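Secondary and tertiary structure notes
Spelled out from the first residue to the last, the chains are:
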Amino acid sequence: MSSTNNVMGLSKYIMTLPQTKISLFTMVFISFIIGSISFLVDPTPGTFTQDILYGGTAGFLIFGLSSIMSGAITQPWVNSLKGRKMKMKQSMFLALFCMVIILVIYLLGCGLSSFFEANYILNSIVFGCALIFAVRTLIIWGTSNINFKNSVAISAIQPLLIISMLVVVVFLTTRLDNVGYFSVFGLFLKGLIALAILVIAIYSFVLVIESPMRKNLGVGALELLSLFISHITEGSSALEGVFEDIGEPIETLVGIISFKTSKGIKALFLSPCVHPGPIGSIGGGNMPTTLAERFDNFTMVTHGPSTHDFNPVSAKEIEKVEKTIKDALDEISYSENASKFIRVSENNAKIGFQFFGNDLLLLATFAPKGFDDIDFGVGLSLMNLAKTRCNSKNVVLVDCHNSFKGEAGRVLPGNKEVFDLMDAIEKIECETKGNAIKVGCSYDPMDNFSKAEGIGQSGLKVMVVNVENQNTAYILLDSNNMVIGYRDSIIEAVKKLGIDSVEVMTTDTHSVNTLAGGHNPVGSKKKEEIVESIINCTKKSLDDLEPVSVGCKSARIKNLNIWGPTNSTELVSTISSIVAVSRIIAPLVLLTALFFVFIWIFYGLF
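Now for a look at the structure at hand. In this numbering scheme, every chain counts its residues from 1 along its sequence in written order. Local features are withheld for residues below a pLDDT of 70 in this predicted model, meaning they are given only at 70 or higher, and side-chain atom pairs are given and counted only at 80 or more; totals for whole chains, interfaces and linings count all residues. Derived side-chain values reflect all non-hydrogen atoms in the structure, with water molecules and hydrogen atoms excluded from consideration.

What about the overall build of the protein chain?
Selection rule: In this text, helices come from DSSP runs of H or I with a minimum length of four residues, and strands from runs of E with a minimum of two, each type numbered from the N-terminal end. Relative accessibility under 20% of the residue-type maximum defines a buried residue, over 50% an exposed one, and the middle range a partly exposed one, all with a 1.4 Å probe and only protein chains included. Throughout, a contact is declared for two residues whenever any of their heavy atoms are within 4.5 Å.
Counting secondary structure elements, the protein chain contains 17 helices and 14 strands. Going through the 606 residues of the protein chain one by one, you find that 56% of them count as buried. Counting contacts in the protein chain only where the partners sit at least 6 residues apart, residues at least 24 apart contribute 78% of the total.

In structure tokens, the structure reads:
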């Protein structure tokens with residue numbers, strides 16, 4: 001559990017970068033301002049106006065213009081090497097970030113020079129260039145999926161341009177006499193040896209952290225990072241290629257409930273025991289939408305019992321789920337009767353159930369107590385128990401996934417919660433005789449909400465089932481879980497419409513998880529607006545009520561390629577181990593290298 005949380009926590013470092021023009025303006029502005037300040041700090045005689053103009057111009061030429069040129073060169077060079085496609089805004093922001101680093105060091109050098117009446121300015125610039133070279137190498141090599149040699153060459157652009165521009169400015173102006181004795185050969189030699197020290201340190205560090213991932217999973221950590229960033233920034237599905245290599249085939253189930261009128265199928269209620277992960281549109285991340293769009297009628301894709309072990313290795317695996325459902329629809333037997341919706345409970349476990357003919361629908365939740373995915377093995381045992389107890393050929397189980405606790409809330413074999421669910425099922429009164437059924441449906445894409453509010457592409461779907469004048473609302477949000485307590489607020493609001501029973505579910509879509517923080521449960525933002533949308537959608541479903549017949553089927557999905565329990569655990573634990581080791585090794589290796597670089601630059605021969 002902790003390993004998964006550690007890995008998910010890395011997503012907090014994902015950020016939205018500013019547009020190219022903002023980075024450009026910032027580089028011009030900051031370099032001019034810092035250049036002016038450095039001349040004001042320097043003890044060399046000069047008027048205030050001269051310090052501002054000469055210092056600002058020198059700062060812009062040496063640092064600003066060089067950084068802008070570096071950003072303009074880096075992006076097409078990286079893209080020409082067929083690695084991860086880099087956008088210009090990414091290249092310019094990297095140049096801006098590195099420019100800020102070297103400007104801070106330069107300004108510190110100016111201040112120390114003034115305070116100690118010594119000359120640390122040139123050495124501080126060279127040291128700053130060495131530091132940004134290390135930063136650029138780690139970022140470009142780690143995110144662009146190009147080899148180390150090319151990464152080093154591209155990373156050297158900005159520091160070399162800065163030093164070259166420094167040489168040009170020194171020889172074109174007499175105002176920069178504050179640099180003291182100036183040797184072009186010595187300057188470049190200092191820089192090149194400093195860069196060589198850092199190259200050795202960076203390569204050694206990455207070699208150490210790469211080996212566990214490559215040994216265990218056959219893919220390098222940097223390659224995996226690059227492909228992940230490619231998906232986040234460009235929507236690339238190249239990451240699926242890695243998962244396909246480590247995946248394994250299984251058989252699992254999909255629960256199908258079909259409601260039809262004389263005109264054909266009116267609505268489908270699906271519960272695939274396939275996990276909609278891992279993230280974004282990778283694998284099954286957007287399965288609730290992808291699968292629903294494969295059918296011409298109103299389709300609710302709920303969350304069947306499954307964990308990240310059951311993540312499809314690629315989006316094309318969803319086609320197997322689709323085919324299984326369509327084949328099963330040809331075999332379904334329909335009934336005209338259904339029972340009322342009833343809820344039973346044991347401790348925190350709650351089971352809502354409704355018979356359709358002799359078949360049974362189960363909705364499992366622990367709300368308001370927090371929980372997460374119900375394991376497939378647990379779900380299978382619950383379905384088999386219900387089959388045996390109620391003599392139902394088909395049992396469809398839904399993990400309502402509606403009270404967020406995170407990975408620590410998973411319901412696994414042996415947990416106390418499993419026995420609570422089993423005891424709740426034992427309380428079901430298996431009287432399957434029912435009455436005529438009516439169904440009304442409504443769909444709201446919720447286009448005015450975004451992933452930031454926890455709403456995925458499928459928005460909101462509501463189905464109202466009427467049996468013996470009892471209206472039951474099945475509410476499905478395309479979200480990854482729900483803030484604790486939000487379910488109760490929704491139920492309270494919907495019941496005011498004359499609805500007798502309500503259950504609120506989420507699809508567990510991971511398409512909303514491309515945001516910083518990893519988890520993104522619905523209900524943390526725009527709570528009232530979302531409730532209002534649910535109320536309106538429920539009203540439309542009530543207006544849409546009409547008589548239907550209903551059929552159920554629990555079908556087997558064969559040869560579905562998934563991560564598998566071994567690979568998913570190994571992937572998460574390996575990444576977690578790399579992160580843990582890197583937190584110790586990275587500062588040790590890089591700070592040691594920078595220490596030697598510092599000694600060489602400030603106390604070397606030149």
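Side note on the pattern of salt bridges
Put simply, the rule reads: Criterion for a salt bridge: a side-chain nitrogen of Lys or Arg within 4 Å of a carboxyl oxygen of Asp or Glu.
Summed over the entire model, instances satisfying the criterion amount to 15 salt bridges. Across the salt bridge formed by Glu322 and Lys326, the nearest N and O atoms sit 2.7 Å from each other. Residue Glu322 and its partner Lys326 are both found in helix 12 (residues 318-329); the two are separated by four residues, about one turn of the helix. Judged by relative accessible area, Glu322 falls into the buried class, the value being 13%. A salt bridge links Lys553 to Glu331; the nearest nitrogen and oxygen atoms lie 3.7 Å apart. Linking Lys553 in strand 14 (residues 546-562) with Glu331 in the loop between helix 12 and strand 4 (334-335), this pair joins segments that are 222 residues apart in sequence. For Glu331, a relative accessible area of 53% puts it in the exposed group. Taken together, the shared-partner salt bridges in this structure form one network comprising Arg343, Arg487, Asp488 and Glu503.

Topic: the packing of aromatic side chains
The relation between two aromatic rings is expressed through the spacing of the ring centres and the mutual angle of the planes. Going by this rule: Stacked, edge-to-face and tilted are the three classes for Phe, Tyr and Trp ring pairs, Trp counted by its six-membered ring, which pair at centre distances within 6.5 Å; planes under 30 degrees apart are stacked, over 60 edge-to-face, the rest tilted.
This structure, assessed with the given rule, holds 16 aromatic pairs. Centroid distance Phe127 to Phe598: 5.7 Å. Interplanar angle 90°. Geometry classified as edge-to-face. Here Phe127, found in helix 5 (residues 121-144), pairs with Phe598, found in helix 17 (residues 565-603); they are 471 residues apart in sequence, far enough to count as distant. Here Phe598 falls in the partly exposed class, since its relative accessible area comes to 32%. The interplanar angle of 35° and the centroid separation of 5.2 Å between the aromatic rings of Phe310 and Phe376 together place this pair among those described as tilted. On the criterion of sequence distance, the pair formed by Phe310 in the loop between strand 3 (298-301) and helix 12 and Phe376 in helix 13 (residues 376-390) is long-range, its members being 66 residues apart. A relative accessible area of 14% places Phe310 in the buried class. Given the relative accessible area of 12%, Phe376 is considered buried.

A few points about a nonpolar patch on the surface
Heads up, the rule is: Note on patches: the residues involved have over 30% relative accessible area and no salt bridge, like charges join within 9 Å, and the nonpolar side chains Val, Leu, Ile, Met, Phe, Trp and Tyr join within 5 Å. Per-residue and other accessible areas were derived by the Shrake-Rupley procedure at a 1.4 Å probe size, with only the shown protein chains allowed to occlude residues.
A cluster of nonpolar residues, Phe25, Phe29, Ile33, Ile37 and Val41, forms a patch on the protein surface that exposes about 440 Å² of accessible area. As for its position among the elements, Phe29 is in helix 2 (residues 20-41).

As for the pairing of strand 11 (residues 460-467)
Rules: At least two bridges found by DSSP between two strands are what make those strands a pair.
With eight of its eight residues buried, strand 11 lies for the most part within the structure. Side-chain alternation along strand 11 places Leu460, Val462, Val464 and Asn466 on one buried face and Lys461, Met463, Val465 and Val467 on a second face that is also buried. In the sheet, strand 10 (residues 435-444) pairs with strand 11 via eight bridges, with the strands oriented antiparallel. By the bridge assignment for strand 11, Tyr443 is matched with Lys461. Where strand 11 and strand 12 (residues 470-477) come together, eight bridges link them in antiparallel fashion. Note that in strand 12 the partner of Met463 across the bridge is Tyr474. In textbook terms, the turn of a hairpin is the stretch between consecutive antiparallel strands, and for strand 11 and strand 12 this stretch comprises two residues, one of which, Glu468, has a positive phi near 50°.

Looking at the pairing of strand 9 (residues 395-399)
Put simply, the test is: A clockwise course of the path from the first strand over the helix to the second, judged with the strands pointing away from the viewer, identifies a crossover as right-handed.
The buried count for strand 9 comes to five of five residues, which makes it a mostly enclosed element. Sheet analysis places strand 8 (residues 359-365) next to strand 9, joined by five bridges and oriented parallel. Note on strand 9: the bridge partner recorded for Ala364 is Asp399. A crossover links strand 8 with its parallel partner strand 9, the connecting element being helix 13, and its sense is right-handed.

Structural notes on the state of the cysteines
Put plainly, a disulfide is one covalent bond tying together the sulfur atoms of two cysteines. Quick reminder of the rule: Any cysteine sulfur atom paired with another within 2.5 Å is treated as part of a disulfide.
The tally for this structure, following the rule as stated, stands at one disulfide. Paired through a disulfide, Cys390 and Cys430 show a sulfur-sulfur distance of 1.9 Å. Sign of the S-S torsion, about -45° for the bond between Cys390 and Cys430, identifies this disulfide as left-handed. Here Cys430 lies in the loop between helix 14 (416-426) and strand 10 and Cys390 lies in helix 13, a separation of 40 residues in the sequence. You can call Cys390 buried: its relative accessible area is 7%.

Section: helix 13
Because each turn of an α-helix spans 3.6 residues, side chains separated by three or four positions end up pointing in the same direction. The line we're drawing: By definition here, a helix of n residues has an expected span of 1.5 Å times n minus one. In protein, a polar contact requires one atom able to donate a hydrogen and another able to accept it; more generally it is a pair of N or O atoms within 3.5 Å, and residues adjacent in sequence count only if both atoms are side-chain atoms.
A rise of 1.5 Å per residue sets the reference length of helix 13, with its 15 residues, at 21 Å; its end C-alpha atoms lie 21 Å apart and thus fit the reference within 8%. Looking only at helix 13, the buried set comprises Phe376, Val378, Gly379, Leu382, Met383, Leu385, Ala386 and Cys390. On its buried face, helix 13 is in contact with strand 1 (248-261), strand 7 (349-356), strand 8, strand 9 and helix 14. Near the N-terminus of helix 13, the side chain that reaches the backbone nitrogen of Gly377, with its oxygen 2.8 Å away, is that of Asp375. Phi for Asn391, located one or two positions after helix 13, is positive at around 55°.

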